[in-house]
Structures are given as structure tokens and as C-alpha cells.
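Next come the chains, spelled out residue by residue.
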Amino acid sequence: MNIHCIDCGLPFEAEVTGSVNVGEQPHLKEKVLDGSLFMKACPHCGRVNLLGQAMLYTDPDQRLLLWLLPGGEETKEMETVIKARLSVSDPSILEGYTTRIVRSAGDLMEKVKIFDAGLDDLVMELCKYVTKMELTGQEQDKTRQRAITDAPFKFFRLDGPDNEMEFSYPLDGKMVGARVGFNVYEDCAGIVSRNPSMRPSSPFPVIDREWVGRFIG
Ligand SMILES: [Zn+2]
């Protein structure tokens, strides 16, 4: 792939990984989680550039299939490519798999963390919504309330003996964290199970804050 550096503007070649199966190549998982599979430093000026590639991520152990499509180009052709990559003629091979489209490398990394923690990404989106409500409720300043509401929250990890959820998000130009009790997850899981229409019916949904926003006033 030919990249034009976002800083110096000079072109350079970068090898991009378009498909990762962590069942076959377990060493690539670390490169997914630290983001190095999605970035390359410019050989001219050293600035790290995001490659912005499309990528298929498969984890047969977690039965997880994530399809990174940064441009949103879900065309029939791409779907054909995917199925060929999975070397499938029988669509039932995806049975039991959680299949998602994601729009950024950061979203893909977050999904991997959520499923590795044994959690549900739809429930997690609801947790983020609830956590934001709680945080903005503690803020007096309207601008800060707005900044928290708009901030892209990311699940970071479960921590401590009580499995507290840790989120990270940008605020005032730096990354900050928020911790909430696992009871928030349990409550949100209850809401989702009582509202089955929240569950996606399409094979490759984008489960993000817009998705959850459709069900919350
Ligand atoms: Zn450069």
C-alpha cells in the first residue's frame, strides 16, 4: 500500500495486513491489541501514520469475526471476498460466530478486549451510556458535561476482585479513566435481555453508540 505521510507529505510503501486469524497466527493478536498492525512510521520524518486498511479479524476460539471497514464500503464484492477468505461455500460455517463490522482500528481493538473478557458488546455500549449519564450528573459545568457526552468511551479492562469495569476516554486533551462496578453491567444485561429488539438481526451489524442510541430516548 502506498501511503502519503500525514506530516511531511512524502510517499512510502507499507505492507498492510488485510486478514488475521489468531487461531492460526496467535502471535498477531498482540500486534492487534497494541495497534502496531494498523500503524507505520514514516521513513522520512518518523511520524507514525495510521494505515487505514480494511481487515478481517477471526478468532476461532472466541468464535468472533470482526470486519474492519474504515470507509464503510460494505459492498457485495467485499462480502464475496470475505466468504472466499473464510474458504466457505456454506454460510452455516458462521453459525455460532459473533460477527461485527467496525469502523476504526480502535473500535476493533476494543471489541477484542470485550470478547476476551467474556462480555457482550451490546451490553457494553449500554454500560458506556449509563456511565456517561452518571459522570455528567456529577458535573456542574455545561461545557464539560457536553465533552463527556461526546467523548468516545472505550472499554479498557475488568479489574480488581469485584471485576470493576474500566473505561478510557479523552477529556481536556488527555486520556482519563472511569471505573464503575460490575453491577452496572449486570443491570444493563438485564435491560438488553428484556428488550430483544435491541439485538441485531443483520449478519454484520455495527454495534456502537449510534446503535444503542436508537433504543434510548
Ligand atoms: Zn513523514
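Residues numbered from 1 in each chain as written. Predicted model: local features only at pLDDT ≥ 70, side-chain atom pairs only at ≥ 80, totals over all residues. Heavy atoms only, no water.

1. Focus on the sheet that holds strand β9 (residues 154-159)
Here we have three strands laid out as an open sheet, ordered β9-β10-β11, and antiparallel in their pairing. Across the chains shown, the open sheet's two edge strands, defined by having one partner strand only, are β9 and β11 (174-180). Direction aside, neighbouring strands of the sheet carry axes that sit 30° apart on average. Relative to strand β10 (residues 164-171), β9 runs antiparallel, the two being bridged by five bridges. Within β10, the residue paired with L158 across the bridge is M165. (Pairing = 2+ DSSP bridges. Helix = DSSP H or I, 4+ residues; strand = E, 2+ residues; numbered from the N terminus. Axes fitted to C-alpha atoms, helices over the stretch in contact; angles between N-to-C directions.)

2. Examining the packing of helix α4 (residues 121-137) against helix α6 (residues 182-194)
In helix packing, the relevant descriptors are the interaxial angle and the interaxial distance, both defined with respect to the helix axes. Where α4 contacts α6, the axes come no closer than 9 Å and their chain directions differ by 120°. Of the possible angle classes, the one that applies to α4 and α6 is oblique. Along this stretch, α4 crosses α6, giving a crossing that reads as right-handed. Residue-level contacts link L122, V123, M124, L126, C127 and V130 of α4 to V184, Y185, C188, A189, I191 and V192 of α6. Residues of the contact of α4 with α6, tallied by class, amount to 12 nonpolar, no polar and no charged. (Parallel < 35°, antiparallel > 145°, perpendicular 65-115°, else oblique. Left-handed = near helix turned anticlockwise from the far one by under 90°. Contact = heavy atoms within 4.5 Å. Nonpolar A, V, L, I, M, F, W, Y, C, P; charged D, E, K, R; others polar.)

3. Considerations on the coordination of the zinc ion
Coordination sphere of the zinc ion, protein contribution only: C5 (SG), C8 (SG), C42 (SG) and C45 (SG), at 2.3 to 2.4 Å. Angles of 105 to 115° at the metal separate the four donor atoms of the zinc ion, which places the site in the tetrahedral class. Written as a sequence motif, the donor arrangement for the zinc ion is C-x2-C-x33-C-x2-C. A relative accessible area of 34% means that C8 is categorised as partly exposed. (Donors = N, O, S within 2.8 Å, 3.2 Å for Na, K, Ca; no water. Tetrahedral: all angles 85-135°; square planar, octahedral: opposite > 155°, others 65-115°. Buried < 20%, exposed > 50% of the residue type's maximum accessible area, 1.4 Å probe, protein only.)

4. What about the pairing of strand β8 (residues 98-102)?
Burial within β8 is extensive, with four of its five residues counted as buried. Relative to β8, strand β7 (residues 64-68) runs parallel, the two being bridged by five bridges. Residue L64 lies in a different strand from β8, and its bridge partner there is T98.

5. A short note on the sheet that holds β8
A sheet is described by the order of its strands in space; here four strands give the open sequence β3-β6-β7-β8, paired in mixed fashion. The sheet terminates laterally at β3 (19-21) and β8, the two strands that pair on one side only. Across the sheet, the mean angle separating the axes of adjacent strands is 10° when strand polarity is ignored.

6. A word on the domain arrangement of the chain
As far as domains go, the chain holds domain 1 (2-116) and domain 2 (121-213). Put simply, the middle of domain 1 and the middle of domain 2, counted by C-alpha atoms, are 24 Å apart. Counting residues at the interface gives 14 residues for domain 1 and 14 residues for domain 2. Between domain 1 and domain 2, roughly 1,300 Å² of surface is buried when both sides are summed, and carbon and sulfur atoms account for 57% of that area. Its largest share of buried area at the contact with domain 2, domain 1 owes to R100, E110 and I114, together 39% of the area lost on that side. There are four salt bridges connecting domain 1 and domain 2. The closest approach of N and O atoms between D107 and K154, which form a salt bridge, is 2.8 Å. Elements that contribute at least two residues to the side of domain 1 that touches domain 2 include exactly β7, β8 and α3 (105-116). Counting residues per element, the side of domain 1 that touches domain 2 draws most heavily on α3, which supplies seven residues. Among the residues forming the side of domain 1 that touches domain 2, the class breakdown is six nonpolar, two polar and six charged. (Domains from an automatic or database assignment. Buried area = accessible area lost by both parts, 1.4 Å probe. Salt bridge = Lys/Arg side-chain N within 4 Å of Asp/Glu carboxyl O.)

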